Each structure stands twice: as structure tokens, then as C-alpha cells.
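Inside the fold
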Amino acid sequence: PLLELALNLSDAGQFAAAANSFAAAAALAPRSSDPTAGAKLLFYQGLDQLNQNQPAQALALLNQADAAYAVLLPSEVLQAGIQPAGGASEFANFGPGNSQNLLAAQVTLNSPAIQDALLGLIETRRYEAVALLANGDKAGAARAIAGAQNLATANGVTPPILAARLSRSSGELALANGLDRSAAAAFNQAALDFASDIPGSRPVAESELLRAAALHLEGRDSEALAQCRRGIALLGTLQLGTSAALLGPCLDDFAAQAQAEPSQAGALYAEMFEAAELTQGNVTAQEIASVSARLASSSSDPQVAAAIRDQQDAQARLVALYQQRDALSQAGGSNAKGLAALDKQIAAANAVLSQTELAEQEAAPNLNALVQQQVPASAVLERLRPDEAFLGITATPAHSWLFFLGNGRVQVAQSSLTDTDFGVLVAQVRASIEPGATGLPAFDVADAAKIYGGTLEPFAPQLRRVRELVVAPSGPLLALPFALLPTGPASANDLAHAPWLIRKTTLAYVPAASSFVSLRKVAGTSAAQKPWFGFGDFVPATLPQAQASYPGTSCGDSAALFANLPQLPFAKVELEAAASVFGAGPGDELLGTAFTVPNVEAAELKDYRILHFATHGLLPTDLPCQVEPAIVTSTPPGAASADQALLSTSEVTDLHLDANLVLLSACNTGGGEAGGEALTGQARSMFYAAARALIVTQWSVNDQVSAYLIATTLSRLNAGEDGGAAGSLRAAQLALIAGAGTSFPAKLANPFFWAAYDVIGDGGMAKNRM
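Calculation rules
Residue positions within a chain follow its written sequence, with the count starting from 1. With the structure being a predicted model, the display of local features is reserved for residues of pLDDT at least 70 and the display and counting of side-chain atom pairs for 80 or more, all residues being used for whole-chain, interface and lining totals. The basis for every side-chain value is the complete set of heavy atoms in the structure, and neither hydrogens nor water enter the calculation. Helix numbers and strand numbers start at the N terminus; a helix is a DSSP run of H or I with at least 4 residues, a strand a run of E with at least 2. Relative accessibility thresholds used throughout: buried, under 20% of the residue-type maximum; exposed, over 50%; partly exposed, between the two (1.4 Å probe, protein chains only). In what follows, residue pairs with any heavy atoms lying within 4.5 Å of each other are defined as contacts. A 1.4 Å probe and the Shrake-Rupley method give the accessible areas. Residues count as covered only by the protein chains that appear here. Strand pairing is assigned whenever DSSP identifies at least 2 bridges connecting the two strands. We define a nonpolar core as any set of buried Ala, Val, Leu, Ile, Met, Phe, Trp, Tyr and Cys residues linked to one another through side-chain atoms lying within 4.5 Å. Salt bridges are identified by distance alone: a Lys or Arg side-chain nitrogen within 4 Å of an Asp or Glu carboxyl oxygen. Helices are assigned an expected span. That span is 1.5 Å times one less than the residue count. Working note: the arc is built from the helix axis to C-beta atom directions. Lines fitted to C-alpha atoms define the axes here, with helix axes fitted over just the stretch in contact, and angles between the N-to-C directions of these axes take values from 0 to 180 degrees. The cut-offs work like this: below 35 degrees is roughly parallel, past 145 is roughly antiparallel, 65 to 115 is roughly perpendicular, and the gaps in between are oblique. Should the near helix be turned counterclockwise from the far one by less than a right angle, the crossing is left-handed, whereas a clockwise turn marks it as right-handed. Asp, Glu, Lys and Arg are counted as charged, while Ala, Val, Leu, Ile, Met, Phe, Trp, Tyr, Cys and Pro are counted as nonpolar; the rest, among them Gly, fall into the polar class. A residue counts toward a patch only above 30% relative accessible area and without a salt bridge, and it is joined to like-charged neighbours within 9 Å or, for Val, Leu, Ile, Met, Phe, Trp and Tyr, to nonpolar neighbours within 5 Å. Positive residues here are Lys and Arg, negative ones are Asp and Glu, while His and the chain termini are left out of the count. Just so you know, the charge point we use is NZ for Lys, CZ for Arg, CG for Asp and CD for Glu. The score called pLDDT rates the predictor's confidence residue by residue, from a low of 0 to a high of 100. Stacked, tilted and edge-to-face are the three classes assigned to paired rings of Phe, Tyr and Trp, where Trp is represented by its six-membered ring and a pair needs centres within 6.5 Å; plane angles under 30 degrees give stacked, over 60 edge-to-face, the rest tilted.

1. Here's the deal with the overall build of the protein
Helix and strand counts for the protein come out as 33 helices and 14 strands. In the protein, which comprises 770 residues, the share counted as buried stands at 53%. Across the protein, every contact between residues at least 6 apart in sequence was considered, and the portion connecting residues at least 24 apart equals 72%. As displayed, the protein offers around 31,100 Å² of accessible surface, 53% of which is attributable to carbon and sulfur atoms.

2. Brief notes about the sheet that holds strand β11 (residues 646-648)
Within a beta sheet, neighbouring strands are joined by backbone hydrogen bonds and run either parallel or antiparallel to one another. Taken in spatial order, the three strands line up as β9-β10-β11 in an open sheet, and their pairing is antiparallel. Of all the strands in the sheet, just β9 (617-618) and β11 have a single pairing partner and so form its edges. When strand β10 (residues 630-632) meets β11, the two strands line up antiparallel, connected through three bridges. Considered in β11, the bridge of Val632 is made with Leu646.

3. Details of unusual backbone geometry
Of note in the backbone geometry, Asn53 takes a positive phi value of approximately 60 degrees without being a glycine. Among the structural elements, Asn53 can be located in the loop between α3 (37-51) and α4 (55-71). Judged by relative accessible area, Asn53 falls into the exposed class, the value being 61%.

4. Observations concerning the environment of Pro35
For Pro35, the location among the structural elements is in the loop between α2 (15-28) and α3. Overall, Pro35 belongs to the partly exposed group, its relative accessible area being 48%. Distance from Pro35 to Leu72, taken between C-alpha atoms, is 7.9 Å for residues 37 residues apart in sequence. Not counting the four nearest positions on each side in its chain, Pro35 is found in contact with Leu72 and Ala113.

5. A look at the nonpolar core
Of all hydrophobic cores here, the largest spans 119 residues; its most connected members are Phe482 and Phe562. Top element by residues in this core is helix α32 (residues 724-739). It accounts for six residues. When residues no more than four places from it in sequence are discounted, the contact partners of Phe562 are Ala541, Ala546, Tyr550, Leu618, Leu623, Val632, Ala642, Ala645 and Leu646. Counting 53 residues, the second-largest nonpolar core is a separate cluster that includes Val204, Ala205, Leu235 and Phe390.

6. Looking at the pattern of salt bridges
Going through the model one piece at a time under the given rule, you end up with 14 salt bridges. Ionic pairing is found between Asp66 and Arg125, a salt bridge with its closest N-O pair at 2.9 Å. A residue pair is termed long-range when its members are at least 10 positions apart, and Asp66 in helix α4 and Arg125 in helix α7 (residues 112-134) qualify at 59 residues. Assessed through its relative accessible area of 12%, Asp66 is described here as buried. Each of Arg385, Glu388, Glu468 and Arg520 takes part in salt bridges that share partners, so that together they form one network.

7. Some remarks on the pairing of strand β3 (residues 409-415)
Counting buried residues in β3 gives five out of seven residues, a clear majority hidden from the surface. With seven bridges joining them, strand β2 (residues 400-406) and β3 adopt antiparallel strand pairing. Among the inter-strand pairings, Gly406 is bridged to a residue of β3, identified as Arg409. Here β2 folds back onto β3 in antiparallel fashion, the turn holding two residues, of which Asn407 has a positive phi close to 55 degrees.

8. Quick word on helix α20 (residues 419-431)
Helix length check: α20 (13 residues) gives 18 Å between terminal C-alpha atoms against 18 Å at 1.5 Å per residue, within 8%. Those residues of α20 lying buried are Phe422, Leu425, Val426, Val429 and Arg430. Each buried residue of α20 sits inside an arc of 130 degrees when the element is viewed along its axis, so together they form one side. Elements that come into contact with the buried residues of α20 comprise β1 (388-395), β2, β3 and α21 (445-453).

9. As for the packing of helix α12 (residues 221-238) against helix α13 (residues 244-260)
Close contact between α12 and α13 brings their axes to 9 Å; oriented N to C, the two are set at 125 degrees. Considered as vectors, α12 and α13 are oriented oblique to each other. In the crossing of α12 with α13, the sense of the turn from one axis to the other is left-handed. Residue-level contacts link Asp221, Ala224, Leu225, Cys228, Arg229 and Ile232 of α12 to Leu247, Cys250, Asp253, Phe254 and Gln257 of α13. Looking at the contact of α12 with α13 residue by residue, the class counts come to seven nonpolar, one polar and three charged.

10. A look at the environment of Phe422
Assignment of secondary structure puts Phe422 in helix α20. Since its relative accessible area comes to 0%, Phe422 is described here as buried. Taking the C-alpha atoms as reference points, Phe422 and Pro476, separated by 54 residues in sequence, lie 6.3 Å from one another.

11. Describing a positive patch on the surface
Residues Arg409, Arg464, Arg465 and Lys504 make up a contiguous surface patch of positive charge. Within the fold, Lys504 resides in the loop between β4 (468-472) and β5 (506-509).

12. A few points about the confidence of the model for the protein
Do not read the fine detail of predicted coordinates wherever pLDDT is low. Mean pLDDT over the protein works out to 81, with 82% of the residues at or above the 70 mark. A low-confidence stretch, residues 84-109 stays under pLDDT 50, and its non-local contacts, those more than four residues away or across chains, total 39 contacts. Contacts of residues 364-372 to residues separated by more than four positions or lying in other chains number 16 contacts, the stretch itself having pLDDT below 50.

13. Regarding the pairing of strand β13 (residues 693-697)
Extensive coverage of β13 is indicated by the burial of five of its five residues. Residue alternation in β13 divides its side chains into two sets, Ala693, Ile695 and Thr697 and Leu694 and Val696, and both sets are buried. Across two bridges, strand β12 (residues 661-665) lies against β13 in parallel orientation. Pairing of Leu663 across the sheet is with Ile695, part of β13.

14. A closer look at the packing of helix α1 (residues 2-11) against α2
One can describe the packing of α1 onto α2 by two numbers: an axis separation of 8 Å at closest approach and a directional angle of 160 degrees. In terms of their interaxial angle, α1 and α2 are classed as roughly antiparallel. Between α1 and α2 the crossing geometry is left-handed. Seen from α1, the contacting residues are Leu2, Leu3, Leu5, Ala6, Leu7, Leu9 and Ser10; seen from α2, they are Phe15, Ala17, Ala18, Ser21, Phe22, Ala24, Ala25 and Leu28. Taken together, the residues of the contact of α1 with α2 break down into 13 nonpolar, two polar and no charged.

15. A few points about the packing of aromatic side chains
All chains considered together, the criterion is met by 17 aromatic pairs. Centroid distance Phe443 to Trp500: 5.6 Å. Interplanar angle 75 degrees. Geometry classified as edge-to-face. In this pair, Phe443 is assigned in the loop between α20 and α21 and Trp500 in the loop between β4 and β5, connecting sequence segments 57 residues apart. When sorted by exposure, Phe443 lands in the same class as Trp500, which is buried.

Structure below.
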């Protein structure tokens, strides 16, 4: 189970967490009763390195796995897969008449362990081909895939699922060698085999997309587009996403068809936009869709909303119990009683989950129709305001596609920048706003301008008529506020007068188009009667309390780092100003020693339309042994440890909110995560708890400047200025830029100070709805 967990974490891009699970599995593997455990560990670690785009390291591990599996197999099984010199083709089947083959089959059938080792070796050699191809060794990849195929066919191990995988890998190799027709045939066979063994599944859909790519390279564009539509339709039915790399050729086919048939361009661009959404099927988008369905039901039928929430809570409870069990298993020692107790809780939680799922199905039989993860372009256009536009970006390994929706139209442009290009540019711009030992470096105007050129410049004429822009970025662009992109010539020596994008339009962000539609449906529907609740002025944990939570033997210097988190005097000023704006009293705040996790959990937060956290935010990368992102609170008085001084993401998901806006005025509360996830866990958990919009940060913020920006934003928001939360934030940012060098120090024109904050979700709510 630890190996499966590790690989799932790696597949999701959570490589640090995966490494911990791999390490725990490695400690257990020598004591496993499964003789293939050691080989499987090496195999999975190789796949982990492939996920991290490290083919050379992956190949070294896969070679070790190959040897470890081979040791477990009788020589006749291995010899059966060796092709005779000058003999059969690379896909030869030695046939049932061969005595070696018969003996190998007998051994394989009589021993599950031998069968597992054989299947493991075949899959290892298939992935060796993948790694070799990624390393540029086409000849080596051909030998590896042929070896895997021979081993399978010669030993009579050819179930459709294995044959499908081998065919797909063969097709990828043929595609890399320019053998388009062979690739198309291999992908077609893979699709047929997947459809035979696991019909209507993701592998079937993705094989259809791969065959479409091969057909496209052959110049058979109409066939390719038809193939694309079949794969895309199946993914839509399954409510599953796919990678931009796999979908990219299909997007090219749609665009080519639109150019060939101008009269159909509008419909084709709308279809292309909907297909591109399949690359944005992240966890955040799914959670927002589910929560929006719950919120949409709450006003018309509270019982339906309660049933949906009960099911979601039961599922979250079960996940938390499994995580506790994993942690206890990894701890080593004698934990039999603890594991047995957790197993009882897991069994009970499974029973509760089954009950809540039945209740949810009875209360909301059409819930799947409400939980939209892919929406037509018409649904986005319908919910845009007259002076508002939507920008969707799909970056692929070849280039990027840009979708600009507004004024009843879908317009499409191609950018030469790839997902890799955007990654490099974003990293360089981010590096120029990271303070160093000598202060802030010069802002990287040139690379920021390149990002603008590769995303919005093609729509510059349309942008002049737009007052509000909703952006659904992809990949590395999730980690950069578009507010700091210069729309024309700019100088790092005169940032106060740079033509920032924020000067032209209000900006809000969503993880996906479906999130925009879902949140716009429930915008401003909070039934809460009170305007604002504040949290902050935390009291740092003592060093002994921190050491009890973060023992130095295993957690490095976490205890010292946590105990030395500085207090935030201007965060307290920020909260005082906000309380004054909304006329809040002592009962509408948790400050100082009262700001603890138990008190947050006990507060009636569902009564408040705006929730405002002004404190530190921590990511797992900030502290060794910190498992989840968390909001720092005060330690409960007299507590022996600092365990309850962190409001974790799992604790936030247990909160019951009905908020139109949540402010996470802390460091690093927004932005993208590895694996393509749209927001940090802190932000995601707030959406789960029922926030309709968030104000988050993209990097470490200046305490004093943040107090000004947030207090000004809330003051404008309460005054009912146009643009809601996003418009109010924009006005505060522009005031700071305008005052740099006069009312404020000149250095505050640097984007480090004013651009950290983003609005996620529906930021355009007016005062009467906020």
C-alpha cells in the first residue's frame, strides 16, 4: 500500500511526499512476504523519476528493477523471450509447439509469484523503452519494446490490457521515428485492445487521441479530427481530464479546420475551447464544482445541501483516517493496537460514507448534472457582463492556444511560447521579485513583457473595451499575477510609470472555465447576516512547545523556525481598520490568545459574509515535518505543544462557511502547486468549506504594505465601488503605485509590494451582495 500511495503522490506531482512514502516502503520491503517487493520498489521509483522528467535516473532504476525481476524467474521463462538470431520479427510468437514455451507457460500458470515477476519484468522493459526514448536513444528504445513484446508473446502472457500497453508504446516509438502509418496502426490496435478489456475508459480515450496525432502527421486531417472528437467525447462522458501534450495535436486540428472553413470558424473555436478545458481538470476545479452544486441547492432545498455536505464530509473523514493509518504504519515499532483501532474507525467510516452516498443520491438524483467540470463556451459567454471578458490559456509542448471570450464571441490565437517557455519566463520574473541579502533586484521587465506578448497581446484591440478580465491560466502561469505584466515599453528604473496591465483592467482568476460558471451561478447568495469576522494578532509558540511538535531528531530546525516566527504588528492594524469599516465589535473577532484552532472551529462562522485572516501562512516546504499547508494561530494557553497552533487544510475543510469572500492575508496562500494543481491547499480548503471568492497572496508579503492594501480594499468594497472585491483591490494597488515617490517611498512601485494579492473566484460582487 505504501508503494501505491507513493506512486499516486508522484503522479499528482507531490514528489516530496512521494519520497517519504518510498523511503518508508524501502524500510519494509526486505521484510515483505511478497518476493517481488524489492523489484517493484525499484520499478515504481523509476516511474517516479519519469514523472519528474529525469529519464537518465529513471533508466538506472528501471535497469535495477529489470535485474531484480529477472532473478525471480526460471531461465526457461527468460529464454523463451529471446529471439533467435536471424529469425523471427521483433513481434514473433514462438507458438504452442515450442517445448520451452510450454514449460514456461506451465511454470507461470502454477506460480502466482512467477506470474507477478514476469508481468513486472514486461512492464519494466516497456518503461525502459519510454525512458530510452525520452533520452533520445531510439535504437535502444526499439530493442527494449521488442524485448518486452517478445517476453510477453513467447510466454503466452498477452491479456488485452498488456497488449494494449505494448501497442501504445510501440506506436509512440514509431511516431518518434517518423513512421506515422505504423504509429497510427499501433495506436488503433491499442484502442481496440483497451476497448476490449476496459471499454469506455481513459486508456481508450487517450489511445484515440494518440491515433489522431499519428493521422495528423500523415496529413489525414479530417480522419484525425474525427478521431479527436471520439476521444474528447469519451473523456467528457467520464468527466476526466488529460494532458495538454496529448490534447495539443487535436487543438491544432480544430484550428486548421477553422481556417479551412471560415463560415464554421465560430462553432469550431467553441468546440476547441471546450476540448481545451480537459487539460484543466484539477482538484480545485472539481471541488469548486461540487461545492457550487451544494450552494446552489442550499437556498431552494436546504436538505439537499445538507445531504451533499454530509457525503463530502464523510469522504474527507475517511481520507483523513487512511492518512493517519499510513503515518502510524511508517512510524515503525509496535503499533498493532493503534492500527487495529484505526481499522475499526475506517470500517465505521466506510459504512457512514455508504449511508451518506445513498442519502445524497436520494436527495439529489441529478447531482452529476449539477457538478460540471467541463462547460460549453456559450455558458461562459452567457455569464460574462457586457464589459467583461474571459481569457483561457492552454500551454502545450509545441505552442500555446489562447481563448478570448467576450461580446458574444470566441476568438482564438496561437502563441509560439510553450509550457516550458512559460516555466522559464515565470521563474525568471519571480526571481526578480525575491528579496536578497542586498534587497530587491531589478524587476525583470523584459521577461514579463514576453509573457504579456505570449498571452494577451494578440487581443490588445479587444482589451481596450474590457473593464474586467477573468483569467484561467495553465501550468507555470498559475504562479504569476498578470497585474504586473507590462503592456508596452517599460523601464526597470521607472516602475511608477510602467504600463502595467492592472492600469487597463480589473483582474480575477479561476482554475478553469467550469469554476467561473459554477461560482458565477452562486455569486452573492450568502444567507449570512453579519458583514465581517477577523482573525489575527497571533502569539508565537514557545520553543519548548514547538520542540514538542517538531522534535529535532527528525524535524531539523523546524522547532526554532516556528518559535521564532515574528509577530505582525501591522496585521493587527489591518484588522482594526477592517473592524472599523464594517462596524464590527469584540464578538466579531478572534485576536491574540483567543485566536486558537479550537476557538476558530467553535465559532459560528456561517453567520459572516466576509472572513479575514491576517497572520502567517506556512507551506510544507517551509518547515520539515509540516505535512499540510496551514494558517498560523496562537497556541492555546497552557498547551504542552504547538499542535493546535496551526489551522491545517483538513481542519479548514471541517468548517461550515457561507462566505462571499475570504481574505488570506498571509504569505504564499495562493498560486500553483507542482503537478498542475491550481491553488495551494489553504485556498482549496476554503472553497471546500464554502467560500465563493478568495483574496490570496502569491509570495511573502510586506506586513506594512499589506495592511494598507487590504484596509483600502475593504473600505472601497464596503463603499460599494464598481468591480466588487477585484475592482476594490485594483483601486488600492493603483493608489499605491501612483503614490510611490510622493505619498509613499518610491520603492513601493516595485511589483513585489503591490502585486502579490490576487482575487480567485467571482471577484466582481457589488456591495449589496458582498
